Amino acid sequence: MFCPKCGKKLNDGSLFCDNCGIRLDSSNTNVSYNVPGQERGNNGMSIAGLALSIVSCFITFWGVVAILGIVFSCIGLSKPLPNGKKNRLAIAGLIIGIISICYTYIYLLVIMKQL
């Protein structure tokens with residue numbers, strides 16, 4: 001159960017909100033509203049995966065950053081979104097990470113042939 005005024009998570013059966021002090025009764029405990037932080041429908045792992053994948057395009061470290069981006073994106077994909085939509089940030093992070101790994105290893109192969 002969440003407070004209908006401030007959105008703080010409450011214990012079941014609470015009569016008052018510990019955060020804002022609003023009195024909870026049967027008329028306002030069934031109010032539907034967005035839980036703070038979930039209105040956009042993304043999770044932190046998806047955002048971290050996308051950010052790491054983008055960074056891996058510029059800083060390769062032999063593909064380690066891209067692999068971390070892929071791992072974080074996969075974790076973000078495994079977590080369901082509250083609105084039931086697809087997690088597009090995690091999908092983008094996964095695609096960019098895979099492209100970055102391919103680019104890194106092709107680049108390393110070309111450099112190794114030159115040595």
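The structure under discussion appears in the preceding block.
These numbers come from a predicted model, not from an experiment. Throughout this document, residue positions are counted from 1 along each chain, in the order its sequence is written. The predicted origin of the model limits local features to residues at a pLDDT of at least 70 and limits the giving and counting of side-chain atom pairs to 80 or more, whereas totals for whole chains, interfaces and linings rest on all residues. Only hydrogens and water are removed before side-chain values are computed, so all heavy atoms of the structure are retained for them.

### Observations concerning the packing of helix 1 (residues 44-56) against helix 2 (residues 64-78)
Move 1: Axis definition: a line fitted to C-alpha atoms, over the contacting stretch in the case of helices. Angles run 0 to 180 degrees between N-to-C directions. A helix here means a DSSP run of H or I that spans at least four residues, while a strand means a run of E at least two residues long, and both kinds are numbered starting from the N terminus. Following both chains from N to C, one finds helix 1 and helix 2 inclined at 160 degrees, their axes separated by 7 Å at the closest point. Between helix 1 and helix 2, the crossing angle belongs to the class labelled roughly antiparallel. Here helix 1 runs over helix 2; the crossing is left-handed. The residues of helix 2 that touch helix 1, namely those facing M45, S46, A48, G49, L50, L52, S53, V55 and S56, are V65, A66, L68, G69, I70, F72, S73, I75 and G76.
Move 2: Only Asp, Glu, Lys and Arg are considered charged, only Ala, Val, Leu, Ile, Met, Phe, Trp, Tyr, Cys and Pro nonpolar, and every remaining residue, Gly among them, polar. The residue makeup of the contact of helix 1 with helix 2, split by class, is 11 nonpolar, 7 polar and no charged. Angles below 35 degrees are treated as roughly parallel, those above 145 as roughly antiparallel, those between 65 and 115 as roughly perpendicular, and all remaining angles as oblique. Note on convention: the crossing is left-handed when the near helix lies turned anticlockwise from the far helix by less than a right angle, right-handed when the turn is clockwise. The contact criterion used is simple: two residues touch if any of their non-hydrogen atoms lie within 4.5 Å.

### Re the packing of aromatic side chains
Move 1: Two rings belonging to Phe, Tyr or Trp (six-membered ring only in the last case) form a pair when the distance between their centres is within 6.5 Å. Interplanar angles under 30 degrees mark stacking, angles over 60 mark edge-to-face geometry, and anything in between is tilted. Taken as a whole and assessed by the stated rule, the structure comprises 1 aromatic pair.
Move 2: Here the aromatic rings of Y103 and Y107 are separated by 6.2 Å at their centres, their planes lie at 20 degrees, and the arrangement is stacked. Of the two residues, Y103 and Y107 are both situated in helix 3 (residues 88-114); the distance of 4 residues between them amounts to about one turn of the helix.
Move 3: Relative accessibility thresholds used throughout: buried, under 20% of the residue-type maximum; exposed, over 50%; partly exposed, between the two (1.4 Å probe, protein chains only). Judged by its relative accessible area of 47%, Y107 is partly exposed.

### Topic: the environment of L108
Move 1: Along the chain, the position of L108 falls in helix 3.
Move 2: According to the relative accessible area criterion, L108 is partly exposed, its value standing at 25%.
Move 3: C-alpha of L108 to C-alpha of W62: the two residues are 46 residues apart in sequence and 8.2 Å apart in space.

### Some thoughts on the packing of helix 1 against helix 3
Move 1: Two numbers describe how helix 1 lies on helix 3: the axes approach to 8 Å, and their chain directions differ by 25 degrees. Compared by their axis directions, helix 1 and helix 3 come out roughly parallel. Helix 1 and helix 3 meet at a crossing whose hand is left-handed. Between helix 1 and helix 3, the residues in contact are S46, I47, G49, L50, S53, I54 and S56 and L89, A90, A92, G93, I96, G97 and S100, respectively.
Move 2: Classifying every residue of the contact of helix 1 with helix 3 by side-chain character gives 7 nonpolar, 7 polar and no charged.

### Digging into helix 2
Move 1: What a helix should span is 1.5 Å times the count of its residues minus one. End to end, helix 2 covers 21 Å across 15 residues, agreeing with the expected 21 Å (1.5 Å per residue, within 8%).
Move 2: Considered for burial, the residues of helix 2 that qualify are V65, A66, G69, I70, S73 and G76. For helix 2, the angular spread of buried residues about the axis comes to 140 degrees, placing them on one side.
Move 3: At its buried positions, helix 2 is contacted by helix 1 and helix 3. It is the directions from the helix axis to the C-beta atoms that the arc portrays.

### Some thoughts on a nonpolar patch on the surface
Move 1: A surface patch of nonpolar side chains, amounting to about 850 Å² of accessible area, comprises I54, V55, F58, I59, F61, W62, V64 and L68.
Move 2: Breaking the nonpolar patch down by element, the ones donating at least two residues are helix 1 and helix 2.
Move 3: The exposure class assigned to F61 is exposed, which follows from its relative accessible area of 51%. Only residues whose relative accessible area exceeds 30% and that take part in no salt bridge are eligible for patches, with like-charged residues grouped when within 9 Å of each other and nonpolar side chains (Val, Leu, Ile, Met, Phe, Trp, Tyr) grouped when within 5 Å. Areas reported as accessible are Shrake-Rupley estimates using a 1.4 Å probe. Residue values count occlusion only from the protein chains shown. The salt bridge definition used is simple: a Lys or Arg side-chain nitrogen within 4 Å of an Asp or Glu carboxyl oxygen.

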